[in-house]
Amino acid sequence: MRDFSSDRQWLALNTVTVKSWSLEQAIDGCARAGITAIAPWRDIVQRCGVERAAKLLRASGLTITCLCRGGMFTAADEPGRRAAIDDNRRAIDEAAAIGAGSLILVVGGLPPGSKDLVGAHRQVRDGIAAVLPHARAAAVPLAIEPLHPMTAADRACVNTLAHANDLCEELGEGVGVAIDAYHVWWDPDLPRQVARSAGRILSYHVCDWLVPTRDLVFDRGMPGDGIIDLPRLRGLVEDAGYAGHCDVEILSAENWWKRDPDEVVRICIERHQSVV
Ligand code: ZN
């Protein structure tokens, strides 16, 4: 396993961790902190303007680990599904423009009012298949991120790495997985499924699971503040051949989003070196 004790080279700042910053501010903040990689979200890239964002990111010399996020393929009707596919093609173009290593897919949950989970799974598979030729042509790998099962209804109905691996094997070249510690830590099948992901782990995200968790989306912890055995998980991921960045991705409405972003970044670096 790589020694991170004096490392910041393999730390990537996911911009949602410093939610109050614009893209320009996040780029400057990374420079101040000596961070060399970033994972921007689409909203701040769009606010900056995609062309200008691409120019600023290129000039910064930052590695763009991934763009967050595409997906949300499930919808109640055909026009809704088509709109999602169009939006994913735009997301692929944005990822290509900024030179992102992959486009993260949060695949979508049950359509409003639906109980048809099997149908939702099918919509996800068909949606990814529909945008895959565009992604291949743009050389943007699609990273399916399984989300914790608590999000199956409203955010993502792919909830295990096993399911994501199945989709990768069905869909073929150009599709891989994003492994987020927050979403997969609980899975007893994890060692086997991470090993099975070898060669297609496109992105690795870290934060921590707090006890108790007070919000299903916006109460993620700083690495080291919760109960996830992060070194064990990174060991599994690296044993599967992953040698890329650890993206620190913390959605935290009541704590970290209220703090000074420079302080948050400083603590991210400390924890990256001590507990990730
Ligand atoms: Zn993530």
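My aim in this report is to walk through the structure given alongside it, one point at a time. It should be emphasised that the depicted structure is a prediction, and the values quoted were computed from it without experimental measurement.

What counts, and at which threshold
Residues numbered from 1 in each chain as written. Predicted model: local features only at pLDDT ≥ 70, side-chain atom pairs only at ≥ 80, totals over all residues. Heavy atoms only, no water. Salt bridge = Lys/Arg side-chain N within 4 Å of Asp/Glu carboxyl O. Helix = DSSP H or I, 4+ residues; strand = E, 2+ residues; numbered from the N terminus. Buried < 20%, exposed > 50% of the residue type's maximum accessible area, 1.4 Å probe, protein only. Core = buried A, V, L, I, M, F, W, Y, C linked by side-chain atoms within 4.5 Å. Contact = heavy atoms within 4.5 Å. Pairing = 2+ DSSP bridges.

### Here's the deal with the pattern of salt bridges
- Evaluation of the coordinates by the stated rule reveals 23 salt bridges.
- With a closest N to O distance of 3.5 Å, arginine 81 and glutamate 78 form a salt bridge. With arginine 81 and glutamate 78 both in helix H4 (residues 78-98) and 3 residues apart, the pair spans about one turn of that helix.
- Of the residues examined, arginine 81 reaches a relative accessible area of 22% and is grouped as partly exposed.
- Residue glutamate 78 is classed as partly exposed on the basis of its relative accessible area, which comes to 41%.
- Between aspartate 126 and arginine 125 there is a salt bridge whose closest N-O contact spans 3.1 Å.
- Taking the relative accessible area as the measure of exposure, aspartate 126 reaches 39% and is therefore partly exposed.

### Examining the nonpolar core
- One finds Ile98, Leu103, Ile128, Leu142, Ile144, Ile179 and Val194 to be the most contacted residues of the largest nonpolar core, which totals 81 residues.
- Ranked by residue count, the leading element in this core is helix H5 (residues 117-138), at 6 residues.
- When sequence neighbours within four positions are dropped, the list of residues in contact with isoleucine 98 reads Pro40, Val45, Ala53, Ala54, Leu57, Ile64 and Leu67.

### Section: the sheet that holds strand S1 (residues 11-14)
- What the 9 strands build is an open sheet, ordered S3-S2-S1-S9-S8-S7-S6-S5-S4; its pairing is parallel. The open sheet has two free edges, formed respectively by strand S3 (63-64) and strand S4 (67-71), since each of these has just one partner strand.
- Note: strand S5 (residues 103-106) against strand S6 (residues 142-144), 3 bridges, orientation parallel. Its bridge partner lying in S6, isoleucine 104 is registered against alanine 143.

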